[in-house]
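Residue-level structural notes
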Amino acid sequence: MTTDYVSIDVPFEFRHTCWFCGEPYYESHAFMAKPNYEGQSAPIMVPCCQECFGFTKEIKASSLDILRDKVKEKLHKKYQKHLQIGVNWTKQELEECEFEGKALEGFRESAWAMFEIAKGRVNYRGWAVSIDGIPVEGLTTAFQFEFDGIVYTSLNHAVIQLATAYAIPQPYLEQVVELVGRDKMAYALRFCKTSYGYSSAEIAASLASLRALLAEEKANKQIENSNNRRRKNTKVAISEIKELILHRTMISPYAIQWALEHGATTLQLLAEQEEAFFEHFNKESELTAFTYFNGLQIYLEQREIDPEWVVNSDPNKQLFES
Ligand SMILES: [Zn+2]
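Residues numbered from 1 in each chain as written. Predicted model: local features only at pLDDT ≥ 70, side-chain atom pairs only at ≥ 80, totals over all residues. Heavy atoms only, no water.

An unreviewed UniProt entry annotates the protein as HNH endonuclease of Photobacterium angustum.

Describing the overall build of the protein
Condition: Strands are runs of DSSP state E lasting at least 2 residues, helices are runs of H or I lasting at least 4, and numbering of each runs from the N terminus. Note on classification: 1.4 Å probe, protein chains only; a residue is buried when its accessible area is under 20% of the maximum for its type, exposed when over 50%, partly exposed between these limits. A 1.4 Å probe and the Shrake-Rupley method give the accessible areas. Residues count as covered only by the protein chains that appear here.
Each helix and strand in the protein was counted, giving 15 helices and nine strands. Structurally, the protein occupies a C-alpha span of about 100 × 60 × 40 Å along its principal axes. Scored against the burial criterion, the 322 residues of the protein give a buried share of 39%. Approximately 19,500 Å² of the protein is accessible, and the part contributed by carbon and sulfur atoms is 52%.

What about the confidence of the model for the protein?
Formally: Confidence scores labelled pLDDT are given residue by residue by the predictor and lie between 0 and 100.
Residues at a pLDDT of 70 or more form 96% of the protein, whose mean pLDDT is 90. When the elements of the protein are averaged for pLDDT, helix α4 (residues 91-96) gives the smallest value, 79, and helix α1 (residues 50-57) the largest, 97.

Side note on the environment of Q175
Inspection of the secondary structure assignment puts Q175 in helix α7 (residues 170-180). By relative accessible area, which is 36% here, Q175 ends up partly exposed. C-alpha of Q175 to C-alpha of A188: the two residues are 13 residues apart in sequence and 9.3 Å apart in space.

Focus on the packing of helix α12 (residues 274-281) against helix α13 (residues 286-305)
Spelled out, the test is: Angles shown run from 0 to 180 degrees and are taken between the N-to-C directions of axes, each axis being a line fitted to C-alpha atoms and, for helices, limited to the stretch in contact. Orientation labels follow simple angle bins: below 35 degrees gives roughly parallel, above 145 gives roughly antiparallel, 65 to 115 gives roughly perpendicular, and whatever is left gives oblique. For a crossing to be left-handed, the near helix must be turned anticlockwise from the far one by less than a right angle; the clockwise case is right-handed. In this analysis, two residues are considered to be in contact whenever any of their non-hydrogen atoms come within 4.5 Å of each other. Lys, Arg, Asp and Glu make up the charged group, whereas Ala, Val, Leu, Ile, Met, Phe, Trp, Tyr, Cys and Pro make up the nonpolar group; the residues left over, Gly among them, are polar.
Contact pair α12 / α13: the axes reach a minimum separation of 9 Å and the direction vectors enclose 140°. As summarised for this structure, α12 and α13 are arranged oblique, according to the angle between their axes. In the packing of α12 onto α13, the handedness of the crossing is right-handed. Taken together, the residues of α13 that come into contact with α12 (itself represented by E274, F277, F278 and F281) are A289, F290, Y292, F293 and L296. Here the contact of α12 with α13 is built from residues that sort into eight nonpolar, no polar and one charged.

Regarding helix α2 (residues 64-78)
To keep things clear, this is the line we draw: In a helix, the anticipated span is given by 1.5 Å times the number of residues less one.
End to end, α2 covers 21 Å across 15 residues, agreeing with the expected 21 Å (1.5 Å per residue, within 8%). Buried residues of α2: L64, D65, L67, R68, D69, V71, K72, L75 and H76, and no others.

Some words on the domain arrangement of the protein
What counts here: Residue ranges for the domains originate in an automatic or database domain assignment.
As far as domains go, the protein holds domain 1 (1-63) and domain 2 (238-321). Between domain 1 and domain 2, the C-alpha centre-to-centre distance is 74 Å.

What about a negative patch on the surface?
Let me state the cut-off plainly: Excluding any residue in a salt bridge, patches collect residues exceeding 30% relative accessible area, merging like charges within 9 Å and nonpolar Val, Leu, Ile, Met, Phe, Trp and Tyr side chains within 5 Å. Salt-bridge detection follows one rule: a side-chain nitrogen of Lys or Arg within 4 Å of a carboxyl oxygen of Asp or Glu. We score Asp and Glu as negative and Lys and Arg as positive, and we do not count His or the chain ends. To locate a charge, take NZ of a lysine, CZ of an arginine, CG of an aspartate or CD of a glutamate.
A contiguous patch of negative charge on the surface is contributed by E98, E100, E105 and E109. For E105, a relative accessible area of 37% translates into the label partly exposed.

Some thoughts on the pattern of salt bridges
Counted under the stated rule, the structure contains six salt bridges. One salt bridge connects K78 with E51, and the closest N-O pair in it is separated by 2.5 Å. Pair noted here: K78 is in helix α2 and E51 is in helix α1, with a separation of 27 residues, a long-range link. For the salt bridge of K235 with E261, the shortest nitrogen-to-oxygen distance reads 3.5 Å. Remark: E261 occurs in helix α10 (residues 253-261) and K235 occurs in the loop between α9 (200-233) and β8 (244-246); sequence separation between them is 26 residues. On the basis of relative accessibility, which here comes to 68%, the residue K235 falls in the exposed class. Via salt bridges that share partners, E51, K78 and R121 belong to a single interconnected network.

Here's the deal with the coordination of the zinc ion
Quick note on the threshold: Donor atoms (N, O, S) are those found within 2.8 Å of the metal centre, with the cutoff raised to 3.2 Å for Na, K and Ca; water is not part of the atom list, so apparent gaps in a site can occur. In short, tetrahedral needs four donors with all angles between 85 and 135 degrees, square planar needs four and octahedral six donors with opposite donors over 155 degrees apart and all other angles between 65 and 115, and whatever is left is irregular.
Every protein donor of the zinc ion is listed here as C18 (SG), C21 (SG), C49 (SG) and C52 (SG), and their distances to the metal cover 2.3 to 2.4 Å. Its four donor atoms give the zinc ion angles of 103 to 114° at the centre, a pattern that matches the tetrahedral case. Linear spacing of the donor residues for the zinc ion on their chain is C-x2-C-x27-C-x2-C. Separated by 31 residues along the polypeptide, C21 in the loop between β1 (6-7) and β2 (27-31) and C52 in helix α1 bring together distant segments of the chain. When sorted by exposure, C21 lands in the same class as C52, which is buried.

Digging into the nonpolar core
Quick note on the threshold: To define a nonpolar core, start from buried Ala, Val, Leu, Ile, Met, Phe, Trp, Tyr and Cys residues and group those joined through side-chain atoms within 4.5 Å.
The biggest cluster of nonpolar side chains holds 58 residues, and the ones touching the most others in it are F20, C52, L162, L173 and V176. In this structure, L246, L296, W309 and L319 belong to the second largest nonpolar core, which totals 25 residues.

What follows is the structure, encoded as structure tokens:
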């Protein structure tokens with residue numbers, strides 16, 4: 001007689017355990033891929049607890065990992081309130097707070113336990129699937145997204161759940177995550193929670209200010225990087241720098257040295273470091289600082305407006321190129 005189904009292998013320590021969530025075994029779900037892309041010929045029996053068994057009956061999936069993710073999403077949805085306890089409270093706060101009345105006292109006593117149970121079930125990793133000792137290939141957890149100790153099936157799933165948990169309009173959270181990046185979920189949530197309001201005009205304004213902020217951060221980072229590069233690589237001996245006179249102004253080698261060593265090699269970059277420049281040269285005297293700064297501006301301007309002069313006549317052009 002041939003069997004008309006196959007069972008996934010269950011390691012000894014996982015006997016009587018739900019593959020999806022780790023709760024006690026109830027019954028096996030007979031999994032058939034829908035749509036059946038890979039030509040699965042017999043149902044695969046997957047051990048379930050009572051609740052996950054119920055979920056599996058409503059799910060169509062083309063592979064076991066998709067089935068697993070859909071079961072997890074149903075668990076997340078059903079236990080959203082329990083999972084939210086961890087968002088709203090820490091264990092210590094819950095222990096210290098004084099609820100009045102029987103119902104609330106009961107909540108305090110059981111709340112953290114409910115949270116931990118729900119968290120354990122959605123985070124449960126099951127075990128590597130094999131059939132008759134042969135590993136089943138292609139099951140992936142690559143899309144999973146973890147935040148605050150809780151595993152979601154994907155970034156998109158995390159956004160849906162967290163938007164609800166934090167009472168943020170989902171499309172808004174989505175856009176903020178898109179802007180700041182998936183590794184900055186905590187920042188994205190904080191930004192959304194501290195926004196003025198959630199009308200479409202207010203959201204548009206918040207998104208615009210976030211874009212501006214990020215652009216500024218990015219620009220600062222670039223300046224910092226180029227400065228760091230300069231500082232690391234460029235120690236310029238004063239003897240290497242040629243003094244020069246432009247428009248009857250003497251350009252001090254010390255000013256040029258400072259500019260090279262601080263990456264202040266254009267008018268724009270110098271303007272950004274003006275304060276630092278004066279702080280440095282005011283030690284000598286304010287007049288020196290001013291004279292040096294003025295000369296350096298003339299020099300950098302000349303370099304910007306007259307590239308031909310740079311090539312043919314700038315005695316320090318090699319220093320600026322390195
Ligand atoms: Zn289960």
